[in-house]
Amino acid sequence: MKFNPAYQRFLIVGAILIAASIATAFIIMKPTTGQVAAANKPAAPSAPAAPAAPVTTTKFDLGTQELFPAASEFRLAAENNVLQLKVHPGSGHFIVVNKETGTVWRSYPNPQGWTNADNAGALKSQLRSPVSVRYVEFNLKQHLLKDTNMLDQQGLIGDFKLTGDGFTLSYLMPKLGFTIPVSVRLKDDYVETTIQDHGLKDGKTAEETALAAAVRKGQKDPNARIASIRLYPFLGAETSGRQQGYLFIPDGPGALLNFQTEQASVGNSIYTERIYGEDWSYSHNNPLSTRQAVRMPVFGIKSGDSAVLAVVGSGAEYGSITAAPSRAFSSYNWATVDNGYRFKFFQPTNSQKTTGIMTYSRSRAGTDRSVRYYFLVHDQADYVGMAGRYRQHLIEEQGMKPLGNKTSGISFKIDLLGADTKKGFIKDSYETFTTTSQAKEMISQLSSMGASQMRITYKGWQQGGISEFGGALPVDPRIGGDEGMREFAELAHSKGFTVMLDGSIYSYNNNGEDGFRKNRDGLRDLGSYVIDYSGLTIAGPKFMERTILSDLESLKKLGVDGLAFGSGIGQQLNSDYNERSPVSRTESKQIQESIIGQTVSVLGAADVSLANFYALKQAAHVFGLSHEYSFDLFVDETVPFAQIALHGLIPYSSGYANLSDNYNKTLLQAIAYGEVPAYLLTYEPSQKLIGTKSSEESYSTCYKDWSGEIAKQYQRFNEALGDVQNQFIVGMRALQAGVTETTYSGGKRIIVNFNDEPYENNGIHVGPGSFAVTEGREPE
């Protein structure tokens, strides 16, 4: 084939520009060989690129009304007995209609609030666009993100199709080379939106870059790549002036941001937190959040007599929950999920790793990103209704099972501290606090005093005590050894108690045991740093898995009922950029779920602590549910959303009651929230813990000081909660300031008075700092 001379010159120029671009990028970056491999290691498996296919496109168009699509321009896409889904083909915006009530939810802000002056300027295109993108330009300022959207990019709609249960389309931004395939489906009482990974086009190809460079007469291509995508970010967004409502965010147990017409100025009022907490593989030189980690992948909006609950599904581990009250970003109250694809990290530029630059990961985290939006009306349209629908989701979609008749009565959580290390001037000393023989004496006394059900976790049982990580087995002989632990477990079982061993010891290593080598087996970040936390090296997920699985059969011989996990299993979710055993954040989550499942299979049970909700499916108890939010000034109220969602599915506790700042308030909150109290105990006096590496803050643990109180509280909690352990919480409200009422599915109501004065109403008397149990008609 013979080309004309002009076309030949064009190909030669294009090839030269591509080569020059690659060479320039290499000179600027200057990474070491290992850093190149790490930076390009996929964060998660991506689907192979599909061969190019013809795409039918139309101009992105909001319709004749210009501001938002007119109601007459929506087409029916799907329908069931409860809801209708209607779509605007020109923009991909949709509306959902409740067929019984006529309530309408929109994928865009309610137009009736648009005239507010807070929606002026650049905000207009953000608020009107169904998708917005943050991207990084690797050939320019690779440490900065830019924002754009369909309107600003003069985007296109590609391959719009009705699918029977909804619709599919692609959002195209040709100037940047982005194609974002989207599906929207109607199912039962929810709509599920998905950003499909297969077909997602992330920047321009080499051919497109060369052609664009020729058109721009040699200008440098920015090499734009997607950092994050928000799909339908203003779904359900409402202004504060039209009707009452609030944003629900998963901060602590749950928190509400009330709709307010005069929002106080409190600096940055936007809530943004990563689902399942920080990823330590991006931690070096990156500021970490001071808020509590997001354990539940949920958020919600209540507006008047309706509400929407969003549950983040596939890809949640790469998402962040973002919420903003009115006037923080616009006149609207809104919440969404920010789907992350690339993440900021410190890349060293010398072999000593002393200098470097902040940039974004080159590889894209590849997986579908889905969100289910549950549409609620009537008495479901509040945070209690949202929590109830999330409970149903946990049962139907996550496989959690109601307790049914598996439990009757309260089973107190009692943790025993075996030993720790005390730092010495010349040599550290080993300090015993509770030997297995002493533990037998302790539980026998508690049992004789009326504590008939206990779930016991033995901490500090490993070689060297609770501050040692690595080489846990055999049980340290100085507290009784393997034989002493077997005898303790036998006695506990004879009394009907459960015995767990602390499994958080497998999350770190500080002694090189189990064949651990820091530079080989430690968790590495994207800059190739081995990650230490408080003097401990975080174990890589695959090393942690191998070690636990190799110990399970030996643990089984001790006669214990299971392991109580925390830290790296269920609580922390990290990628690992160790070249020998790389693990994506998705794979890390799968490894943790596998560890919990195999522990249950071999030993019989697994407990979790401060756990992300993906870890609860196979767990028998969750410890560390928070009572408080993170004390952002823009938050108006803490609510026990997590407790409402979990009650009747899994027993749960907050912190140790005997170590709390306000003991009586902690117990009252536990009764109000349906919790099982937890205590940390030692046989030795608490003073002996002073100066130890990990236990010094446990200032009141001696069981002789607490045995009578524990027996008293056991009877008290059984009176309140003993017969409702297997029931769902269906109601939670404030009767007045400092007085709450919790209602269970069987009709039992518990009124808790946190005040210093008695509460009287409708024949019900609740003393100060006390509670009352009642059935039947609710007080007015």
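Reading the values: rules and limits
Residues numbered from 1 in each chain as written. Predicted model: local features only at pLDDT ≥ 70, side-chain atom pairs only at ≥ 80, totals over all residues. Heavy atoms only, no water. Core = buried A, V, L, I, M, F, W, Y, C linked by side-chain atoms within 4.5 Å. Buried < 20%, exposed > 50% of the residue type's maximum accessible area, 1.4 Å probe, protein only. Helix = DSSP H or I, 4+ residues; strand = E, 2+ residues; numbered from the N terminus. Contact = heavy atoms within 4.5 Å. Pairing = 2+ DSSP bridges. Axes fitted to C-alpha atoms, helices over the stretch in contact; angles between N-to-C directions. Phe/Tyr/Trp six-rings, centres within 6.5 Å; stacked < 30°, edge-to-face > 60°. Lys NZ or Arg CZ within 6 Å of the ring centre and 35° of its normal. Salt bridge = Lys/Arg side-chain N within 4 Å of Asp/Glu carboxyl O. Parallel < 35°, antiparallel > 145°, perpendicular 65-115°, else oblique. Left-handed = near helix turned anticlockwise from the far one by under 90°.

Q: Just to check I follow, could you spell out the nonpolar core for this structure?
A: Within soluble globular proteins, side chains that are nonpolar generally end up buried alongside one another. Ranked by size, the top nonpolar core spans 176 residues in total, and within it Tyr-171 and Trp-461 carry the most contacts. Take this core: its biggest share by element is 7 residues, from helix α13 (residues 703-721). When residues no more than four places from it in sequence are discounted, the contact partners of Trp-461 are Ala-472, Leu-473, Val-475, Asp-476, Ile-479, Met-485, Leu-501, Asp-502, Ile-505, Tyr-506 and Leu-555. In terms of nonpolar packing, the next biggest core, distinct from the first, is built from 12 residues, Ile-95, Leu-123, Ala-237 and Trp-334 among them.

Q: What am I meant to see in the sheet that holds strand β25 (residues 412-417) here?
A: Across a sheet, paired strands are connected by hydrogen bonds in the backbone, their directions being either parallel or antiparallel. The parallel open sheet is built from 7 strands, whose spatial order is β35-β34-β33-β29-β28-β25-β37. A single partner strand is all that each edge strand has here, and the edge strands are β35 (621-623) and β37 (678-681). With strand direction ignored, the average angle separating the axes of adjacent strands in the sheet is 25 degrees. Summarising the sheet, strand β33 (residues 562-565) and strand β34 (residues 605-609) pair through 4 bridges and their orientation is parallel. Residue pairing across strands places Gly-562 opposite Ala-605, the latter belonging to β34.

Q: Mind showing me how you'd approach the environment of Ala-323 here?
A: Assignment of secondary structure puts Ala-323 in strand β20 (residues 319-324). For Ala-323, a relative accessible area of 0% puts it in the buried group. Not counting chain neighbours up to four residues away, the residues in contact with Ala-323 comprise Leu-247, Ile-249, Ser-269, Ile-270, Tyr-271, Trp-334 and Ala-335.

Q: Looking at this model, I keep getting lost on the packing of aromatic side chains. Mind explaining?
A: The geometry of an aromatic ring pair comes down to the distance between the two centres and the angle between the two planes. As enumerated under the stated definition, the model contains 33 aromatic pairs in all. Consider the rings of Tyr-679 and Trp-706, whose centres lie 6.0 Å apart with planes at 55 degrees: the pair is tilted. Residue Tyr-679 is located in strand β37, and its partner Trp-706 is located in helix α13; the two are separated by 27 residues in the primary sequence. The class of Trp-706 is buried, set by a relative accessible area of 12%. Judged by centre distance (5.6 Å) and plane angle (20 degrees), the ring pair of Tyr-683 and Tyr-703 falls under stacked. Taken together, the residues Tyr-683 in the loop between β37 and α13 and Tyr-703 in helix α13 connect sequence positions 20 residues apart. This pair shows no difference in class: Tyr-683 is buried, exactly as Tyr-703 is. Among the aromatic residues, those joined into a cluster by ring pairs are Phe-412, Tyr-663, Tyr-679, Trp-706, Tyr-714 and Phe-717. In this structure, Lys-413 packs its charged tip against the face of Phe-623, placed 5.2 Å from the ring centre.

Q: Would you take a moment to explain the pattern of salt bridges for this structure?
A: Close approach of charged atoms allows side chains of opposite charge to pair. Counted by the stated rule, this structure contains 27 salt bridges. With its nearest N and O atoms 3.0 Å apart, the salt bridge here joins Lys-413 to Asp-415. In this structure Asp-415 comes out as buried when scored by relative accessible area, which is 2%. Among the ionic pairs, Asp-476 bridges to Arg-478, the shortest N-O distance being 3.0 Å. Through salt bridges that share partners, Arg-185, Glu-192, Arg-372 and Glu-397 make up one connected network.

Q: Which parts of the structure should I look at to understand unusual backbone geometry?
A: With glycine set apart, most residues show a phi of negative sign, and most peptide bonds adopt trans. Note the cis peptide between Leu-473 and Pro-474, where omega equals -5 degrees. Relative to the helices and strands, Pro-474 resides in the loop between β28 (454-459) and α7 (481-494). Residue Asp-159 is not a glycine yet carries a positive backbone phi of 50 degrees. Considering the arrangement of structural elements, one finds Asp-159 in strand β8 (residues 156-162). For Asp-159, a relative accessible area of 30% gives the class partly exposed. For Asp-514, which is not glycine, the phi dihedral falls at a positive 65 degrees. Secondary-structure assignment places Asp-514 in the loop between β30 (508-509) and α8 (518-521).

Q: I'm lost on the pairing of strand β3 (residues 83-87) in this one. Help?
A: Consecutive side chains along a regular strand alternate between the two faces of the sheet. Within β3, 4 of the 5 residues are buried, which leaves it mostly tucked inside the rest of the structure. Both strand β2 (residues 75-79) and β3 contribute to a ladder of 4 bridges, which runs antiparallel. Looking at β3, one finds that Ala-78 is bridged to Leu-85. Hairpin connection between β2 and β3: a loop of 3 residues separates the two successive antiparallel strands. Relative to strand β4 (residues 94-98), β3 runs antiparallel, the two being bridged by 5 bridges. Paired with Lys-86 across the two strands is Ile-95, which belongs to β4. Count of turn residues in the β3/β4 antiparallel hairpin: 6 residues, of which Gly-92 carries a positive phi of about 80 degrees.

Q: Just checking my understanding: could you explain the packing of helix α12 (residues 663-672) against α13 for this structure?
A: Two packed helices can be described by the angle between their axes and the distance between those axes. Where α12 contacts α13, the two axes come as close as 11 Å, and the packing angle between them is 30 degrees. In terms of axis orientation, α12 runs roughly parallel to α13. Regarding α12 and α13, the two cross each other, and that crossing is right-handed. Note on element contacts: α13 touches α12 through Trp-706, Glu-709, Gln-713, Arg-716, Phe-717, Ala-720 and Leu-721, opposite Tyr-663, Leu-667, Leu-668, Ala-670 and Ile-671.

Q: Teacher, can you tell me more about the sheet that holds strand β31 (residues 532-533) here?
A: Spatial ordering of the open sheet is given by β30-β32-β31, a layout of 3 strands whose pairing is antiparallel. Pairing within the sheet leaves two strands with one partner each, and these edge strands are β30 and β31. For β31 and strand β32 (residues 536-538), the ladder comprises 2 bridges, and the chain directions are antiparallel. Across the sheet, residue Asp-532 finds its bridge partner in β32, namely Thr-537.

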